[in-house]
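Given next are the chains, with one letter for each unit.
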Amino acid sequence: MKNLIQKLTETFSPSGFESAVRDVIRAEVAPYADEIRVDALGNLIVRKGPDGNVENARKIMIAAHMDEIGIIASHIDDKGFVRFAAIGGVFPRNLPGGRVRFFNGTPGVIGVEPLDKPTETPPLEKCYIDVGASSNKNHPIKIGDVAGFDRSFIDMGDKLVAKAMDDRIGCAVAIEALKALKSTPHNVFFVFTTQEEVGTRGAETSAYGIDPDLGFSIDVTMWGDSPNQRGLDVHLGKGPAIKIKDGGMLSDPRIVNWMISSADKAKLPYQREVLLGGTTDARAMQLVRAGVPVGCISIPCRYVHSPSEMVDYRDVQNAVKLIDVMLSGPVEI
Ligand code: CO
Ligand code: ZN
C-alpha cells in the first residue's frame, strides 16, 4: 500500500484540475468496480453492488477528495516573476523556500520580498514564484496556469510523510477498502471527489446525483501530539479517529455508533474526535436534498496543509479494516 500512497501523493492535482490523479485512481479501482463514471464536476464515482438482488440494499456513499491545495498564476511582471493566488487553504508561513511544479513541468521556487521585520510571516502578496525567467517575453507560464507544491514522499517506517496526504491518504484508504471488500449487501458508491479544498463542491453535486441513504467521508484530521499542540485529543498511531463533531458538522449519532460497534466487533483501535475548526465532504453530503445521515473516518495527520504532512501507517491500515467490517454486514440505523 505504501507504493500506492507514494504514487497518489506525488501526483499534482490541485482543486479543479484533478484529471491526473483521477487517471491514477481509475486504473487502480477498475478491476474491482461494478460501474465507474465521471460526473460533470469531475467526481470519479465507483460503484460496487450486492451479489444478486438484495432486498432493502442501502445506498452508501463514501467520499474521499482527490484535490489538493495549490496556487494559480495571477500576474507576471516585466522581470518574469510570477505572482499568484491560493487554491484552497495555503498558509503563507509554509511558503518561503518552497518549490512548486506547474502542469507543463516548469519548476519554480517561492521567493519573498524584503519584509520590515525579517522574522514575520509574509503576506501572500509579498510572495512570488521565480521560474528562472528574466522577462515576461516567451515566459513558460501564462496567467491561470496552476501549480502544486513539490515535495517527494518519505517512508519513515510507521510514519509516512508527503505533500497532499490531505486527502490522497483518504483516497488510498478508499481504494484499499474497495479491493478488500469481498462481498457487500449494499450498493456502495466510492466517490473520489473534486474541489473539496475550495468548499466541498464536488461532494455536493455527487451526493445530489447519487441520493445516498447514508454515508461518510474519509479525510485527514488535525493532531494533538506534537510540542505545545493543544485543543484536540487525537494522536498519531492510536487508530483512525471517528468524528463526532467538527467545525461544520455534527455526525449522525447512529453513524458514529455503527463505526464504533464495528471497531469493537473487530477489536480495532479507534479514537473519538471532536475537532474545533475545519470540516470535510461529509458536511456537504449531510445537507444535500432532504438531508443524509453521515459521519467521517479521519486519519490523524500532523502539519496539515504544509508540504510535509505526516500520518501513521498503522492508522491507515486500521481504517481500511474498519471500513471493510462496516460494509460487509447489514447496517442498523
Ligand atoms: Co485540506
Ligand atoms: Zn482534506
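A. Structural context of the domain arrangement of the chain. Here the chain is described as being made up of domain 1 (2-68 + 163-328) and domain 2 (70-149). Between domain 1 and domain 2, the residue contacts involve 12 residues of the former and 12 residues of the latter. Summed over both sides, the interface of domain 1 with domain 2 buries roughly 1,000 Å², with 71% coming from carbon and sulfur. For the domain 1 face of the interface with domain 2, the top three residues by lost area are Phe12, Pro14 and His305, together amounting to 49%. For the pair domain 1 and domain 2, the interface holds 0 salt bridges. In this assembly, domain 1 and domain 2 are joined by 2 residue pairs in polar contact (both at pLDDT 80 or more). The residue inventory of the side of domain 1 that touches domain 2, partitioned by class, reads 6 nonpolar, 3 polar and 3 charged.

B. Here's a closer look at the coordination of the cobalt ion (ligand 1). Protein coordination at the cobalt ion (ligand 1): the donors are Asp166 (OD), Glu197 (OE), Glu197 (OE) and His305 (NE2), at 1.8 to 2.6 Å from the metal. Within one chain, the residues serving as donors to the cobalt ion (ligand 1) are arranged as D-x30-E-x107-H.

C. Local environment of the packing of helix α1 (residues 2-9) against helix α2 (residues 19-29). Closest axis-to-axis distance for the α1/α2 pair is 9 Å, and the angle between their directions is 155 degrees. As judged from the angle between their axes, α1 and α2 are roughly antiparallel. Along the contact surface, α1 presents Leu4, Lys7 and Leu8, while α2 presents Val21, Val24, Ile25 and Glu28. Across the contact of α1 with α2, the residue classes tally to 5 nonpolar, no polar and 2 charged.

D. A look at the coordination of the zinc ion (ligand 2). Protein-derived coordination of the zinc ion (ligand 2) comes from His65 (NE2), Asp166 (OD), Asp219 (OD) and Asp219 (OD), at a distance range of 1.9 to 2.7 Å. For the zinc ion (ligand 2), the 4 donor atoms in the first shell make angles of 52 to 150 degrees at the metal, so the coordination geometry reads as irregular. Read in sequence order, the donor residues for the zinc ion (ligand 2) give the motif H-x100-D-x52-D. Here the zinc ion (ligand 2) and the cobalt ion (ligand 1) are spaced 3.3 Å apart, with Asp166 acting as a shared donor. A residue pair is termed long-range when its members are at least 10 positions apart, and Asp166 in helix α3 (residues 165-180) and Asp219 in strand β13 (residues 214-221) qualify at 53 residues. Classification of Asp219 by relative accessible area gives buried; the value is 4%.

E. Seen up close, the nonpolar core. The biggest cluster of nonpolar side chains holds 60 residues, and the ones touching the most others in it are Ile25, Phe190 and Phe192. If one sorts the elements of this core by residue count, α3 sits on top with 9 residues. With residues up to four places along the chain from it excluded, the contact list for Phe192 reads Ile25, Val29, Asn43, Leu44, Val46, Ala64, Met66, Cys171, Ala174 and Ile175. Among the nonpolar cores identified, the runner-up in size contains 18 residues, and Ala73, Ile76, Val100 and Cys127 belong to it.

F. Quick peek at the side chain of Ser298. The topology assignment puts Ser298 in strand β16 (residues 294-300). Its relative accessible area of 0% is what places Ser298 among the buried residues. Among the polar contacts listed, one links the side chain of Ser298 to the side chain of Glu273, at a separation of 2.6 Å.

G. Representation of the packing of aromatic side chains within the structure. Tallied over the entire structure, the rule returns 4 aromatic pairs. Consider the rings of Phe17 and Phe103, whose centres lie 6.0 Å apart with planes at 55 degrees: the pair is tilted. Taken as a pair, Phe17 in the loop between α1 and α2 and Phe103 in the loop between β6 (99-102) and β7 (107-112) lie far apart in primary sequence, 86 residues in all. Above the plane of the ring of Phe12 lies Lys163, whose end atom (NZ or CZ) is 4.7 Å from the centre. Looking at Arg289, its charged tip hangs above the ring of Tyr208, at a distance of 4.0 Å from the centre.

H. Looking closely at the sheet that holds strand β11 (residues 159-162). Spatial strand order, β10-β11-β17: 3 strands in an open sheet with antiparallel pairing. The two strands at the open ends of the sheet, each matched to only one other strand, are β10 (154-155) and β17 (309-312). Strands β11 and β17 of the sheet are contacted by α3, whose axis makes an angle of about 30 degrees with β17. Most of the contacts of helix α7 (residues 313-328) go to β17, to which it runs at about 60 degrees, and overall it touches β11 and β17.

Cut-offs used in this document
Residues numbered from 1 in each chain as written. Chains lettered and ligands numbered in written order. Predicted model: local features only at pLDDT ≥ 70, side-chain atom pairs only at ≥ 80, totals over all residues. Heavy atoms only, no water. Domains from an automatic or database assignment. Contact = heavy atoms within 4.5 Å. Buried area = accessible area lost by both parts, 1.4 Å probe. Salt bridge = Lys/Arg side-chain N within 4 Å of Asp/Glu carboxyl O. Polar contact = N/O pair within 3.5 Å; in protein donor to acceptor, adjacent residues only side chain to side chain. Nonpolar A, V, L, I, M, F, W, Y, C, P; charged D, E, K, R; others polar. Donors = N, O, S within 2.8 Å, 3.2 Å for Na, K, Ca; no water. Axes fitted to C-alpha atoms, helices over the stretch in contact; angles between N-to-C directions. Helix = DSSP H or I, 4+ residues; strand = E, 2+ residues; numbered from the N terminus. Parallel < 35°, antiparallel > 145°, perpendicular 65-115°, else oblique. Tetrahedral: all angles 85-135°; square planar, octahedral: opposite > 155°, others 65-115°. Buried < 20%, exposed > 50% of the residue type's maximum accessible area, 1.4 Å probe, protein only. Core = buried A, V, L, I, M, F, W, Y, C linked by side-chain atoms within 4.5 Å. Phe/Tyr/Trp six-rings, centres within 6.5 Å; stacked < 30°, edge-to-face > 60°. Lys NZ or Arg CZ within 6 Å of the ring centre and 35° of its normal. Pairing = 2+ DSSP bridges.

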